[in-house]
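A look at the structure
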Amino acid sequence: MKLYDYERAPNPRRVRIFAAEKGIELEKVNIDLGTKQQMGDDYKAINSRISVPALELDDGTVICESVAICRYLDEIQPEPALFGTGAVGKANVEMWHRRMEIEGLQPVADSVRNTVEFFAGRALAGPHDFEQIPALAERGMKRVDIFYDTLNERLNESPFIAGDDYTIADIAALCAIDFARVLKKRIGEDQTALQRWHDTVSARPSAKA
Ligand SMILES: N[C@@H](CCC(=O)N[C@@H](CS)C(=O)NCC(=O)O)C(=O)O
C-alpha cells in the first residue's frame, strides 16, 4: 500500500498517526505541495481532486479522503479500536470526531488558507481556485480560540477527547492544534487540561509518524 503524503500537511498526518497506532506500515510517496506537485498530470491521474492523502492499494484501487482511508485501515486491522466499540461507543467517538473536524480542523484551515501568502488564489484545496477572504480568516481565528477553550473544558472532565480511551478524535484534534502553530496560536497558560492532554498525545510514538 502506498500513501501519497506531504509531511507538513495536517490531513496526511491524520492518516500517518492512525496507521502508526494500528501498527500498519505504509510506503510513503511524497507529493511536494510546496512546489505544487499535486497539480501535475502524474498526480492528477492518481487523484483528480489534487489533494493528499490518497492511499493506493496493491490492486491499484485509490482511496481518497483521510477519514475514508482510516476506515479502510480500521477494517483490515481492527485493533486498537480507534473508532470506538459498541453502538453507543462508536456514536460517541463519531460525535467527538466530527466536532474536532468542524470546530477545530476547519477553522484552522480557514485561518491559514485565507491569510498565508502561499495560498493566495488557492484558499481551498481541490481542483477549483478560490481567492482568499480575510473575513473568513478573522472568523476562523475566533473559532479557533473558542475551540481551545471548549477542548480545555472537555479535558477537565475526561482524559481523552471521547472519554477514557485514545481515539481518532484525539488524532484530529492533535493535527488541528499543531497546524495552528502556523497562526502562532499556542495553548494558553491557564488551559492546563488541554496542555496535559497535548503532552500526553504528543508523547505517543505515533505523533512522530
Ligand atoms: N477532505 C480531505 C482534505 C484534503 C486536503 O485538504 N489536503 C490538503 C493538505 S492537508 C491538500 O492536499 N492541499 C493541496 C492544495 O492545497 O492544493 C481529506 O480529509 O483528505
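In what follows, the structure referred to is the one given above.
Residues numbered from 1 in each chain as written. Predicted model: local features only at pLDDT ≥ 70, side-chain atom pairs only at ≥ 80, totals over all residues.

Right, let's get into the overall build of the protein chain. Secondary structure assignment for the protein chain yields seven helices and four strands. Principal-axis analysis of the C-alpha atoms places the extent of the protein chain at approximately 50 × 45 × 30 Å. When the 209 residues of the protein chain are sorted by exposure, 33% land in the buried category. (Helix = DSSP H or I, 4+ residues; strand = E, 2+ residues; numbered from the N terminus. Buried ≥ 20, exposed ≤ 12 C-beta atoms within 10 Å, placed from the backbone.)

Let's shift gears to the sheet that holds strand β4 (residues 62–64). Strand order in the open sheet made by the four strands is β2-β1-β3-β4, with mixed pairing throughout. In this open sheet, the two strands that pair with only one neighbour each are β2 (27–30) and β4. Along the sheet, successive strands turn relative to each other by an average axial angle of 25°, direction set aside. Sheet topology note: the strand β1 (residues 2–5)/strand β3 (residues 54–56) ladder contains three bridges and is antiparallel. What sits directly across from Tyr4, in β3, is Ala54. In the packing of helix α3 (residues 66–76) onto the sheet, contacts are made with β3 and β4, and the angle to β4 comes to roughly 125°. (Pairing = 2+ DSSP bridges. Axes fitted to C-alpha atoms, helices over the stretch in contact; angles between N-to-C directions. Contact = placed C-beta atoms within 7 Å.)

The subject of this paragraph is the packing of helix α1 (residues 10–22) against α3. The contact between α1 and α3 brings their axes to 9 Å, and the two run at 10°. On the basis of the axis angle, α1 is roughly parallel to α3. Of the residues in α3, those in contact with Asn11, Arg14, Val15, Phe18, Ala19 and Lys22 of α1 are Ser66, Ile69, Cys70 and Leu73. Split by residue class, the contact of α1 with α3 holds six nonpolar, two polar and two charged. (Parallel < 35°, antiparallel > 145°, perpendicular 65-115°, else oblique. Nonpolar A, V, L, I, M, F, W, Y, C, P; charged D, E, K, R; others polar.)

What follows deals with the pairing of β1. Across four bridges, the pairing between β1 and β2 is parallel. Along β2, the bridge assignment pairs Tyr4 with Val29. The β-α-β motif built from β1, the intervening α1 and the parallel element β2 has right-handed crossover chirality. (Right-handed = clockwise from strand over helix to strand, strands pointing away.)

One finds Phe18, Ala169, Ala172, Ala173 and Ala176 to be the most contacted residues of the largest nonpolar core, which totals 43 residues. Elements with a contribution of two residues or more to this core: β1, α1, β3, α3, α4 (86–113), α5 (134–157), α6 (168–179) and α7 (192–202). For this core, the leading source of residues is α6, giving ten residues. Shared between two domains, this core takes at least three residues from each, and those domains are domain 1 (2–76) and domain 2 (86–208). Sequence-distant contacts of Ala173, defined by excluding residues within four places in its chain, comprise Met100, Gly104, Leu151 and Ile161. (Core = buried A, V, L, I, M, F, W, Y, C linked by C-beta atoms within 7 Å. Domains from an automatic or database assignment.)

For α1, built from 13 residues, the straight-helix expectation of 18 Å at 1.5 Å per residue is met to within 8% by its first-to-last C-alpha distance of 19 Å. Of all 13 residues that make up α1, eleven are buried, and the element is covered over most of its length. By the burial criterion, the buried members of α1 are Pro10, Asn11, Pro12, Arg13, Arg14, Val15, Arg16, Ile17, Phe18, Ala19 and Glu21. Packed against the buried residues of α1 are β1, α3, α4 and α6. (Expected span 1.5 Å × (residues − 1).)

Before going further, it helps to spend a moment on the environment of Asn156. The residue Asn156 is located in helix α5 in this model. For Asn156 and Arg196, which are 40 residues apart along the polypeptide, the C-alpha to C-alpha distance reads 9.6 Å.

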